[in-house]
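# Geometric and topological summary
The chain contents come next:
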Amino acid sequence: MRILFMGTPDFAVPSLEALLAAGHQVVGVFTQPDKPKNRGMKLQPPPVKVCALAHDIPVFQPTKLRDGTALAQIQELAPDLIVVAAYGRILPQEILDYPRLGCINVHSSLLPKYRGSAPIHWAILNGDQESGVTIMKMVLALDAGDILAQQATPIDPDETVENLHDRLADLGAQLLPETVEKLANGTAVAIPQAEDQVTLAPMLSRALSPMDWTRPARALHNQVRGLIPWPAAVTELNGTRCKVFSTTVLEETTGKAPGCVVAAGKKGLKIACGGGTVLQINELQADGGKRLKAADYLRGHPIPVD
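Residues numbered from 1 in each chain as written. Predicted model: local features only at pLDDT ≥ 70, side-chain atom pairs only at ≥ 80, totals over all residues. Heavy atoms only, no water.

### Observations concerning the pattern of salt bridges
Using the criterion set out here, one finds 9 salt bridges in the structure. A salt bridge links Asp 80 to Arg 100, with the shortest nitrogen-to-oxygen separation between them at 2.9 Å. Of this pair, Asp 80 sits in the loop between helix 3 (69-77) and strand 6 (81-85) while Arg 100 sits in the loop between helix 4 (93-96) and strand 7 (103-107); the two residues are 20 residues apart in sequence, bridging distant segments of the chain. We classify Asp 80 as buried; its relative accessible area is 17%. Take Arg 100: its relative accessible area is 62%, and that puts it in the exposed class. (Salt bridge = Lys/Arg side-chain N within 4 Å of Asp/Glu carboxyl O. Helix = DSSP H or I, 4+ residues; strand = E, 2+ residues; numbered from the N terminus. Buried < 20%, exposed > 50% of the residue type's maximum accessible area, 1.4 Å probe, protein only.)

Set out below in structure tokens:
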């Protein structure tokens with residue numbers, strides 16, 4: 001089958017590779033433009049571009065999709081199907097309508113839950129015990145198309161966004177070839193989403209970062225693991241603003257007020273939280289400093305116990 005693939009970040013790479021491994025003819029790849037990164041601000045290609053070039057697949061990086069140029073390129077490629085995975089752009093109706101088998105999207109949630117740009121983060125922020133991948137038909141409305149395939153997976157209570165991201169990327173890649181095959185032979189079953197069960201996963205912002213120690217330790221733990229790597233959970237320790245990257249919910253309880261330092265030593269920082277619960281900070285980064293184990297940080301920045 002002639003397939004046009006659209007994707008940008010690491011999440012999309014396993015899906016592209018799965019299509020190639022299944023023997024499909026990927027006639028081209030659409031991805032976001034190269035972006036400057038690191039201190040030298042040198043232009044860096046997106047991971048999907050790197051993968052496509054390694055397989056000698058033509059790469060297109062349009063800055064606009066609505067001026068007719070992208071549609072003309074797609075018409076020249078003449079795909080039977082467009083497969084999208086974390087492309088980062090909304091496709092206009094004329095592109096959605098072009099392929100004879102339509103456009104499908106690999107989405108990292110169990111739709112209709114978590115439509116939007118940050119489904120993995122919000123699943124962890126909300127303390128969900130389950131996530132998954134949905135492959136759906138694409139329509140103009142955001143993540144609202146009929147479901148073609150879906151696979152669930154449990155979320156470990158200590159799993160971070162980064163860990164779950166990689167697992168879901170692989171899960172989507174496993175589910176994609178069989179879904180494409182069903183579309184090709186006409187056996188695919190499209191199930192409408194239940195609109196009364198829709199929840200949203202909006203873009204993240206730094207407004208989510210401040211840690212409120214009156215919340216229970218488990219909720220703060222979810223905040224930490226759900227905001228990695230950006231914007232990261234943030235707190236102030238002895239007058240210094242720090243990003244928090246790793247925590248542990250402790251079984252112990254305390255009568256100290258939320259935000260008080262219960263202990264500071266080789267095991268890290270123990271902070272009193274809401275409901276008498278205790279959260280241990282294992283890894284952090286002070287503004288202007290390096291990411292460190294909490295015990296290493298404390299050696300150079302002692303914090304008094306309240």
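### Some remarks on the packing of aromatic side chains
As enumerated under the stated definition, the model contains 1 aromatic pair in all. When the ring of Phe 30 is compared with that of Phe 60, the centres are 5.4 Å apart and the planes differ by 35 degrees; the resulting orientation is tilted. Taken together, the residues Phe 30 in strand 2 (residues 25-30) and Phe 60 in strand 5 (residues 59-60) connect sequence positions 30 residues apart. Take Phe 30 and Phe 60: they sit in the same class, and that class is buried. Sitting above the plane of the Phe 245 ring, Arg 291 keeps its charged end 4.0 Å from the centroid. (Phe/Tyr/Trp six-rings, centres within 6.5 Å; stacked < 30°, edge-to-face > 60°. Lys NZ or Arg CZ within 6 Å of the ring centre and 35° of its normal.)

### Looking at the sheet that holds strand 7
The 7 strands are arranged 5-2-1-6-7-9-10 in an open sheet whose pairing can be described as mixed. Where the open sheet ends on each side, the last strands, each with one partner, are strand 5 and strand 10 (147-154). Relative to strand 5, strand 2 is paired through 2 bridges, and the arrangement is parallel. Looking across to strand 5, one finds that Val 29 is bridged to Val 59. (Pairing = 2+ DSSP bridges.)

### Quick word on the packing of helix 1 (residues 13-21) against helix 6 (residues 161-185)
Two elements in contact, helix 1 and helix 6, have axes separated by 8 Å at closest approach and are oriented at 35 degrees. Crossing of helix 1 against helix 6: the hand is right-handed. When helix 1 is examined against helix 6, the residues Pro 14, Ser 15, Ala 18 and Leu 19 are found in contact with a partner set consisting of Ala 169, Asp 170, Gly 172, Ala 173, Leu 176, Pro 177 and Val 180. Split into classes, the residues belonging to the contact of helix 1 with helix 6 amount to 8 nonpolar, 2 polar and 1 charged. (Axes fitted to C-alpha atoms, helices over the stretch in contact; angles between N-to-C directions. Left-handed = near helix turned anticlockwise from the far one by under 90°. Contact = heavy atoms within 4.5 Å. Nonpolar A, V, L, I, M, F, W, Y, C, P; charged D, E, K, R; others polar.)

### Description of the pairing of strand 12 (residues 233-237)
Burial runs high along strand 12: 4 of the 5 residues are buried. The hairpin formed by strand 12 and strand 13 (residues 240-253) contains 2 residues between the paired strands, and Asn 238 there has a positive phi angle of roughly 55 degrees.

### Details of the packing of helix 1 against helix 2 (residues 47-54)
For the pair helix 1 and helix 2, interaxial distance at closest approach is 9 Å and the crossing angle is 25 degrees. Relative to helix 2, the element helix 1 lies roughly parallel. The two elements helix 1 and helix 2 meet at a crossing, and its hand is right-handed. Contacts from Val 13, Leu 16 and Glu 17 in helix 1 reach Pro 47, Val 48, Cys 51 and Ala 52 in helix 2. Of the residues belonging to the contact of helix 1 with helix 2, the class tally is 6 nonpolar, no polar and 1 charged. (Parallel < 35°, antiparallel > 145°, perpendicular 65-115°, else oblique.)

### Some points on helix 7 (residues 217-226)
Every α-helical turn comprises 3.6 residues, leaving residues that sit three or four positions apart pointing alike. Extensive coverage of helix 7 is indicated by the burial of 9 of its 10 residues. Three or more residues of helix 7 are buried, namely Ala 217, Ala 219, Leu 220, His 221, Asn 222, Gln 223, Val 224, Arg 225 and Gly 226. Looking at the buried positions of helix 7, the neighbouring elements they touch are helix 5 (119-125), helix 6, strand 12, strand 13 and strand 16 (277-286).

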